Amino acid sequence: MKVVHIESGLGNQMLSYCEYLVLKKLHPNEDIYIEDIVYDIPEVNKVIKQWNGYELERIFGIHAPNVKELFPDEQWKAIMAEVKTSEFWLKNWNYPVYITRALNHAGLKLKNIRGDFESAGAIKNVNMLDHSAPSLKQRLIDTRIGNALRRWYRLKSAKKRIASNTKHDEIFYKGDDDIFTGQWLGLKTRNSGIEFVDKELRTAFTFPAWDSEKNGKMAEFLNSVNSVAIHARRGDMLGGNAYCYKYGYFRRAVKYIKRHVENPVFVFFSDPGSVDWCRENANIFNLDFNRDKVYFVDWNKGEQSFRDMQLIAQCKHAIITKSSFGWWGAYLIDNPNKITISPAEEIIENTTYHC
């Protein structure tokens, strides 16, 4: 038996489901389950926002076996009570230890290979919503010179970092043990081996038909021009993406596109709170909104947010930030000559250029 943990927003859910597909393909005679406990604990949103809840079934019609189906209702309530009592979200998001412990107490006897986040050096201060003052090191990096040195160092250490981030042995687990795993998110990394389940994931992640005229017409337009998606993820990811806006990433990316794509049409996709900011900061993107062909997709919100990913996938090329949502949009573009630009060479399997 293998149990795969799923959490967070749609992009991460899709990556974790791919981990489920990997294990299912590697262990065809074993029972492989998903586990999505966090979506039934509202308190976790104080640390990591779970956006629109578990979406894989609603959007893609995926009916993966869930570990909770193994238990009667009363026993599952007891498991949930134990997990909630642990308050893992206040303990460095240490869900692997406490969820595995609760399932083990219920009789599953799983081996936790996902780790212990409270142990020294495992993960530090997991709280995406924490806006406390940055450390001295962060402040030094967050300067033009510091960012230039950071880019130089990342290029020099790329091979080592790529090898570290893929988590290949953990995701492609070949042991016979009954394990608790998932949410490694390494399949978006270069050299991850995602091609092992590429056929299966493309079958699984088939978007529903357009249910609005506005999205349908935009999809037709994106297919008719040399469309370039700009996924300007800010919001909860601004801390990890701020340097993209401050130190020329988008300017370099757009410059590269203009040199290599004839008559590019730039289409912005962003979180709802950042659309106006993008409209007011054309210079950051190396664009002239009066001369360049620029459009904004700003109407897909809430449970319809996934339509932005669906539209990104209709584009010919993409410029993305550190975001699994944008990563999937770029991955699913079927243009064989697509240019996908990301801010770092190791964060995306299908990047054709980084800057």
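Quick summary incoming for the structure in this document. (Residues numbered from 1 in each chain as written. Predicted model: local features only at pLDDT ≥ 70, side-chain atom pairs only at ≥ 80, totals over all residues. Heavy atoms only, no water.)

## Describing the overall build of the chain
Helix and strand content of the chain: 15 helices and ten strands. Taken across its 355 residues, the chain has 54% of its residues classed as buried. If you take every contact in the chain between residues at least 6 apart in sequence, the share linking residues at least 24 apart comes to 71%. If you sum the accessible surface of the chain, you get close to 17,000 Å²; carbon and sulfur atoms cover 50% of it. (Helix = DSSP H or I, 4+ residues; strand = E, 2+ residues; numbered from the N terminus. Buried < 20%, exposed > 50% of the residue type's maximum accessible area, 1.4 Å probe, protein only. Contact = heavy atoms within 4.5 Å. Areas by Shrake-Rupley, 256 points an atom, 1.4 Å probe, with all protein chains shown as cover.)

## Some words on the packing of helix α3 (residues 73–86) against helix α4 (residues 95–105)
At a minimum axis separation of 9 Å, α3 and α4 run at an interaxial angle of 150°. Comparing their axes, α4 and α3 come out roughly antiparallel. Here α3 runs over α4; the crossing is right-handed. The residues of α4 that touch α3, namely those facing Trp76, Ile79, Glu82, Val83 and Ser86, are Tyr98, Ile99, Arg101, Ala102, Leu103 and His105. (Axes fitted to C-alpha atoms, helices over the stretch in contact; angles between N-to-C directions. Parallel < 35°, antiparallel > 145°, perpendicular 65-115°, else oblique. Left-handed = near helix turned anticlockwise from the far one by under 90°.)

## Side note on the nonpolar core
Counting 69 residues, the largest nonpolar core has Phe88, Phe205 and Trp328 as its most contacted members. If we ignore the near neighbours within four places in the chain, the residues touching Phe205 are Met14, Tyr17, Cys18, Leu56, Phe60, Ile62 and Trp328. Counting residues in hydrophobic clusters, the runner-up holds 26 residues, among them Ile230, Ala232, Cys244 and Leu287. (Core = buried A, V, L, I, M, F, W, Y, C linked by side-chain atoms within 4.5 Å.)

## Some words on the layout of surface pockets
By volume, the second largest pocket amounts to about 220 Å³. Forming the boundary of the second largest pocket are 13 residues, of which Ala313, Gln314, Leu332, Ile333 and Asp334 lie nearest the centre. Of the residues that constitute the lining of the second largest pocket, the class distribution is six nonpolar, four polar and three charged. (1 Å grid on protein atoms, 1.4 Å probe; cavity = no way out; pocket = protein on both sides within 12 Å on 5 of 7 lines; lining within 4 Å. Points joined across faces, edges and corners; volume = space filled by probe spheres on them. Nonpolar A, V, L, I, M, F, W, Y, C, P; charged D, E, K, R; others polar.)

## Considerations on the environment of Arg234
Within the secondary structure, Arg234 is located in the loop between β5 (226–232) and α11 (238–246). Classification of Arg234 by relative accessible area gives buried; the value is 13%. Put simply, Arg234 and Gly273 are 39 residues apart on the chain and 8.4 Å apart in space, counted from C-alpha to C-alpha. Those residues within four positions of Arg234 in sequence are excluded, and the remaining contacts are Tyr245, Asp271, Ser274 and Trp277.

## Here we look at the environment of Arg252
With respect to the helices and strands, the residue Arg252 is situated in helix α12 (residues 249–260). The exposure class assigned to Arg252 is partly exposed, which follows from its relative accessible area of 27%. Separated by 34 residues in sequence, Arg252 and Asn286 have C-alpha atoms that sit 7.9 Å apart.

## As for the packing of aromatic side chains
Scanning the entire structure with this criterion turns up 28 aromatic pairs. Here the aromatic cluster, defined as three or more aromatic residues joined through ring pairs, consists of Tyr17, Tyr20, Phe60, Phe205, Phe207, Phe306, Trp327, Trp328 and Tyr331. Cation over ring: Lys25 sits above Phe196, and NZ or CZ is 4.6 Å from the ring centre. For the cation-ring pair, Arg114 lies above Trp184, with the distance from its terminal atom to the ring centre recorded as 4.0 Å. (Phe/Tyr/Trp six-rings, centres within 6.5 Å; stacked < 30°, edge-to-face > 60°. Lys NZ or Arg CZ within 6 Å of the ring centre and 35° of its normal.)

## What about empty space enclosed by the protein?
Using the criterion set out here, one finds one cavity of 30 Å³ or more in the structure. Volume-wise, the largest cavity comes out at about 30 Å³. Along its surface, the largest cavity is lined by Val4, Glu19, Leu23, Glu170, Ile171, Thr181, Gly182 and Trp184. Looking at the lining of the largest cavity, the elements with two or more residues in it are α1 (10–26) and α8 (168–171). Its residues placed into classes, the lining of the largest cavity shows four nonpolar, two polar and two charged.

## A word on the packing of α1 against helix α15 (residues 324–331)
Relative orientation of the contacting elements α1 and α15 amounts to 65°, with a least axis distance of 7 Å. In this structure, α1 crosses over α15, and the sense of that crossing is left-handed. Contacts from Leu10, Gly11, Asn12, Met14, Leu15 and Cys18 of α1 reach α15 at Ser324, Phe325, Trp327 and Trp328. Taken together, the residues of the contact of α1 with α15 break down into seven nonpolar, three polar and no charged.

## Some details on α1
Between the first and last C-alpha of α1 there are 24 Å, a value that for 17 residues agrees with the 24 Å anticipated at 1.5 Å per step. Across the 17 residues that make up α1, a large majority, 14, are buried. (Expected span 1.5 Å × (residues − 1).)

## A word on the sheet that holds strand β9 (residues 340–342)
Read across the open sheet, the six strands follow the order β7-β6-β5-β8-β9-β10; overall the sheet is parallel. The open sheet has two free edges, formed respectively by β7 (293–297) and β10 (353–354), since each of these has just one partner strand. Sitting on the sheet, α12 is in contact with β5, β6 (264–270), β8 (317–319), β9 and β10, with an inclination near 160° to β8. (Pairing = 2+ DSSP bridges.)

## Examining the side chain of Ser192
Along the chain, Ser192 falls in the loop between β4 (179–181) and α9 (198–204). Its relative accessible area of 0% is what places Ser192 among the buried residues. For Ser192, the side chain forms a polar contact with the main-chain nitrogen of Ile194, separated by 3.3 Å. (Polar contact = N/O pair within 3.5 Å; in protein donor to acceptor, adjacent residues only side chain to side chain.)

## Re the pattern of salt bridges
Going through the model one piece at a time under the given rule, you end up with eleven salt bridges. We note a salt bridge from Glu74 to Lys77, for which the minimum N-O separation is 3.5 Å. Here Lys77 and Glu74 lie together in helix α3, a separation of three residues that amounts to about one turn. Judged by relative accessible area, which is 53%, Lys77 ranks as exposed. Among the ionic contacts, a cluster of salt bridges with common partners joins Asp276, Arg279 and Asp298. (Salt bridge = Lys/Arg side-chain N within 4 Å of Asp/Glu carboxyl O.)

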